[in-house]
Amino acid sequence: MTDSLLELRGIDKHFPGVHALKDAQFDVRRGEVHALIGENGAGKSTLIKIVSGVYRPDGGEIRLAGAPVAFNNPREAHSAGIATIYQELGLYPELSVAENIFMGHAPTKKRLGLETIDWERMEAGAEALLADLNIRNLDVGAKVGALNVGNRQRVEIAKALSLNARILIMDEPTAALTESDVEQLFGIVRLLRERGVSIIYISHRLSEVFELADRVTVLRDGEYIGTHDVADTSEAELISMMVGRRIENLFPKQAAQIGDVVLEARNLNRPPLTRDISFTVRAGEIVGLAGLVGSGRSEAAQVIFGVLSAESGEIRLNGEPVKITRPSEAVDYGIGYVPEDRGHQGLIREMTIRENTSMAVLESVSNYSFVNRAKERALANDAIRQLSIRATGSDQIANKLSGGNQQKVVVSKWLASNPKLLIMDEPTRGIDVGAKAEIHRLMSRLAAEDGLAILMISSELPEILAMSDRILVMREGRLVGEFSRAEATQEVIAHAMMGASATANSVGETL
Amino acid sequence: MRKTRTDPRNPTLGEKLRRLLISQEGVLFLIMLVSVLFLSSRTDKFLTVDNLLQQGRFMTEIGLIAIPMTYIIITGGIDLSVGSILGLTAIVLGWTWQELGFPLELAIITGILSGTVAGFINGLFIVRVGVPPLIMTLATLALYRGLAEGISEARSARGYPEWFFQLGQGEFLGIPTQLWLLIVAVIIFGIILARTRLGRALYAIGNNETGARFSGLTVNRHLLFIYAFSGFMSAVAGYIFVSRVSTTRSDMGTGIELDVIAAVVLGGTSIFGGTGSIPGTIIGVVLIQLLKNGLTLSGVTSDATIVVIGSVLIFAILVNNFIQSRGDES
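Residues numbered from 1 in each chain as written. Chains lettered and ligands numbered in written order. Predicted model: local features only at pLDDT ≥ 70, side-chain atom pairs only at ≥ 80, totals over all residues.

### Quick word on unusual backbone geometry
Both trends apply: most residues other than glycine have a negative phi, and most peptide bonds are in trans. All names here are of chain A. This is how it is decided: Under the scheme used here, helices are H or I runs from DSSP no shorter than 4 residues and strands are E runs no shorter than 2 residues, and both carry numbers assigned from the N terminus.
For the bond running from Pro271 to Pro272, omega is 5°, close enough to zero to count as cis. On the secondary structure map, Pro272 appears in the loop between strand E13 (261–270) and strand E14 (274–282). A positive phi angle is found at Leu112, which is not glycine, with a value near 50°. Tracing the sequence through the fold places Leu112 in the loop between strand E7 (108–111) and strand E8 (114–117). Despite not being glycine, Glu426 shows a phi value in the positive range, around 50°. Mapped onto the secondary structure, Glu426 falls in the loop between strand E21 (421–425) and helix H15 (433–450).

So, in structure tokens, the structure goes:
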């Protein structure tokens, strides 16, 4: 490995409550495209943020061209020749293409004794950089905000090269691109590789890895799993490396009596992230909704809950067509929604457990509009007991609880409303193993004993597999698969999520 | 039966007292007490029944508007147009009576109705179009005042019948009539904020509007209501204003929004939303009025009075912040 330009060994990174990277390693050779893949939360983003100087590792070694380096901030990584093209682009929309490319290092000249920007040289320089990338149809005087996503990305690449980047990090660069933009991007990547620029390429789309990369490294749960030459591996092997984790102490699901259809969605449409979605959830049934981040799972759930409004389609509850245009109506119809973003959407963190628990049922704990605190307190104490929420009492501020206990408060808010359908969006994200098992036990019990219909969105395949009676898979805003509990395996679901089946192998197909 | 340690659910009397003292309202009350003692030592004209009742008369308009302003600031909003709505109401009242020949009773109702509609329009744009409250009410601050000036054509309406002055200049049981109105409003709307679903919803919206919406609260309906309520109370204040000064002019209530907001913030309502109370606001209103009056009576110039009031505002906010940071640690 002497020809490595960048080498990371034994990288460790902790965040409060999370061990994001454990003894991770990674290396990039001169002039190669090295793909970095893994599930959500595998540690890819943390790793590249360490490479680009955003985070400092807690332990481990980084060597650049053989010499140990430590970046204190992104600027130091920049000057070492490492540039990052982020998913959310870091450009100034109100400035011109040339200004963006030369932001921070514009060519200057003396005019009246003052250092001023040399506009002519800057525009010529920008044109030359773009021409170098075979980009000739872009006006360097145009405002970046007026460009499409593909062109903005090209500006960002040109900007990185204007800083003489030797290593270019691309985080999901095709996520927002159209098909022709993807082709152009691939052309640029290949061009850069020929010129000896090294590229770290992060993607969810395995087809891109095979089309573009020389080597591929897989991370899982913050650990390094392995590195392969792309020529010597297969999609099936990569998928099993990505998902092949032990099924960690998950609660065994109780068998439930499946009853009548509670929710029926018919051709729900709200492009781009909800396209023609139809499915049912029955009483006592837990339906798992799998898919990559950005595949439209939460959006579909929010259309049902009335946060987003459907452009067309129909929702039926217990066979009756209903019109839901805002969350309060969904609540009236007996739908609960445990949202993905607990702190922002699920809880009012500054308020007490008591106030949060009664939030969706204020009417029933009130006598004529007056909130009855005794009833409220009884409700909260019930929730604390039944969900074993660890708190000093019902008047504790929700923000002071641990993540798992906060989540239980959100769940208790909806249980208090006696829902027919409970939508749970990433119900156990970011909470510890013990609380996770408790929430799973609770879900299982609610379905089996109370006949609650549960729609569970999760990015964790083991959770999906363990908890669901039926599994739906979304990709690019569409439902692309439905599997019974018996036929579902991690590999089958992962294939459907990534569109990596034999027939769906081209880039165009995934767009 | 002796308690050596305090149980948070069953506080002893001493513990209750301690909590009241370190509450925001408690601190403010102490500041007010100190101010009253100080001012009454400077002049014997200050601490007299007649003077205090007179001050009650003067502060009623600010007090009435401060109630909905507290509601609005608790939700994280603001209403800068209250002074202009007050002026607009006064003009509509005088103009419909004198120029259009409405019976005075009907003119009063029309005036209050137009103030309420003005507030409702604020709410409508804030909720439906998503204009930030600061921008929307800054715009209508100018717009409603302009409207008032246009309608009045710089003329003032006078010559109201005797009964009309009862509210602004009369007394009931020895206390200024409008002060009764303020007291009743404070009690009713204080209880509504502290005890009802509406109040709870306002705090929830102020702390986390998205979270409130995702819990099924009808956020928009609540916001619409409080801005209309603000218009209504400003209109009532406008009616009282006209009744108190016996005439109608289009510049009535100019700048009153700043006095109102100062009182609300002094009373412990966070400008970022989520916390605040009507008792706090009322102490804020009273404190500012007493300082203004007491300092003037002590011979302090009006410029210096403003400086003192500004300093008290800053001091009170510092103390509140200190208490809150202490509270967060425990």
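Still to come is the rest of the account.
### With respect to the pairing of strand E16 (residues 312–317) of chain A
All names here are of chain A. For clarity, the cut-off: The criterion for strand pairing is that DSSP finds at least two bridges linking the strands in question.
Relative to E16, E13 runs antiparallel, the two being bridged by 5 bridges. Along E16, the bridge assignment pairs Arg266 with Glu314. Summarising the sheet, E16 and strand E17 (residues 320–322) pair through 3 bridges and their orientation is antiparallel. Residue pairing for E17: Ile315 is matched across the bridge by Val322.

### Some thoughts on the confidence of the model for chain B
For residues with low pLDDT, the predicted coordinates do not support detailed interpretation. Keep this limit in mind: Per-residue confidence from the prediction method is given by pLDDT, with values spanning 0 to 100.
Across chain B, the average pLDDT comes to 89, with 93% of residues at or above 70. If you check the scores for this complex, the pTM reads 0.75 and the ipTM reads 0.84.

### What about the sheet that holds strand E23 (residues 470–475) of chain A?
Residues and elements named next belong to chain A. Operational definition: The axes are straight lines fitted to the C-alpha atoms, using for helices just the contacting stretch, and the angles between their N-to-C directions are given from 0 to 180°. Two residues form a contact once the distance between their C-beta atoms, set from the backbone, is within 7 Å.
Judged by pairing direction, the sheet is mixed, and its 6 strands sit side by side in the order E18-E21-E22-E15-E23-E24 without closing on themselves. On the outer flanks of this sheet lie strand E18 (335–338) and strand E24 (478–484), each paired with one strand and no other. Strand-to-strand twist of the sheet, defined as the mean angle between neighbouring strand axes without regard to direction, takes the value 20°. As judged from the 4 bridges shared by strand E15 (residues 286–290) and strand E22 (residues 453–457), these two strands associate in the parallel manner. Counterpart to Val287 in the pairing with E22 is Leu455. On top of the sheet, helix H9 (residues 297–305) reaches E15, E18, E21, E22 and E23; it is set at about 150° to E21, its chief contact. Against the sheet, helix H17 (residues 490–498) makes contact with E15, E23 and E24, and its axis sits at roughly 25° relative to E23, the strand it touches most.

### Details of the environment of B:Val117
All names here are of chain B. We apply this condition: Three exposure classes are used, all based on how many other C-beta atoms lie within 10 Å of a residue's own C-beta (placed from the backbone): buried at 20 or more, exposed at 12 or fewer, and partly exposed between those limits.
Here Val117 lies in helix H5 (residues 104–129). Since 17 C-beta atoms lie within 10 Å of it, Val117 is described here as partly exposed. Between the C-alpha atoms of Val117 and Phe229, which are 112 residues apart in sequence, the distance is 9.5 Å.

### With respect to the sheet that holds E16(A)
Residue and element names in this part refer to chain A. Strands sit in the order E14-E13-E16-E17 across an open sheet of 4 strands; the sheet is antiparallel. Each edge of the open sheet is held by one strand with a lone partner, namely E14 and E17. Across the sheet, the mean angle from the axis of one strand to that of its neighbour is 20°, orientation sign disregarded. Strand contacts of H9: E13, E14 and E16, with the helix running at about 110° to E13, the strand carrying the most contacts.

### Section: the packing of helix H3 (residues 49–74) of chain B against helix H8 (residues 177–195) of chain B
All names here are of chain B. Under the convention used in this document: Orientation is classified from the angle alone, with under 35 degrees giving roughly parallel, over 145 giving roughly antiparallel, 65 to 115 giving roughly perpendicular, and any other angle giving oblique. Throughout, a crossing is termed right-handed when the near helix is turned clockwise from the far one, and left-handed when it is turned anticlockwise from it by less than a right angle.
Viewed as axis vectors pointing N to C, H3 and H8 meet at an angle of 20°, and their least axial separation amounts to 9 Å. When the interaxial angle is binned, H3 and H8 end up roughly parallel. Read as a crossing pair, H3 and H8 show a hand that is left-handed. Of H8, the residues touching H3 (which contributes Gly56, Arg57, Thr60, Gly63, Leu64, Ile67 and Tyr71) are Gln178, Leu179, Leu181, Leu182, Ala185, Val186, Phe189 and Leu193.

### Notes on the packing of H5(B) against helix H11 (residues 219–245) of chain B
Residues and elements named next belong to chain B. What counts here: All amino acids are sorted into three groups, where Ala, Val, Leu, Ile, Met, Phe, Trp, Tyr, Cys and Pro are nonpolar, Asp, Glu, Lys and Arg are charged, and the leftover types, Gly among them, are polar.
The N-to-C vectors of H5 and H11 enclose an angle of 150°; their axes lie 7 Å apart at closest approach. In terms of axis orientation, H5 runs roughly antiparallel to H11. Our pair here, H5 against H11, has a crossing hand that is right-handed. For the contact of H5 with H11, the class distribution of residues is 17 nonpolar, 11 polar and no charged.

### As for the nonpolar core
Rules: To form a nonpolar core, buried Ala, Val, Leu, Ile, Met, Phe, Trp, Tyr and Cys residues must be joined through C-beta atoms within 7 Å.
One finds A:Leu168, A:Ile423, A:Ile454, A:Ile493, B:Ile65 and B:Val260 to be the most contacted residues of the largest nonpolar core, which totals 231 residues. For this core, the element with the highest residue contribution is H11(B), accounting for 15 residues. Apart from the residues within four sequence positions on either side, A:Ile454 is in contact with A:Ile286, A:Leu422, A:Met424, A:Met443, A:Leu446 and A:Ala447.

### Brief notes about the interface of chain A and chain B
At the interface, 23 residues of chain A touch 21 residues of chain B. Listing elements by their share of the side of chain A that touches chain B, those giving two or more residues are helix H10 (327–332), helix H11 (342–346) and strand E20 (370–371) of chain A. Of the residues assigned to the side of chain A that touches chain B, the class counts are 12 nonpolar, 7 polar and 4 charged.

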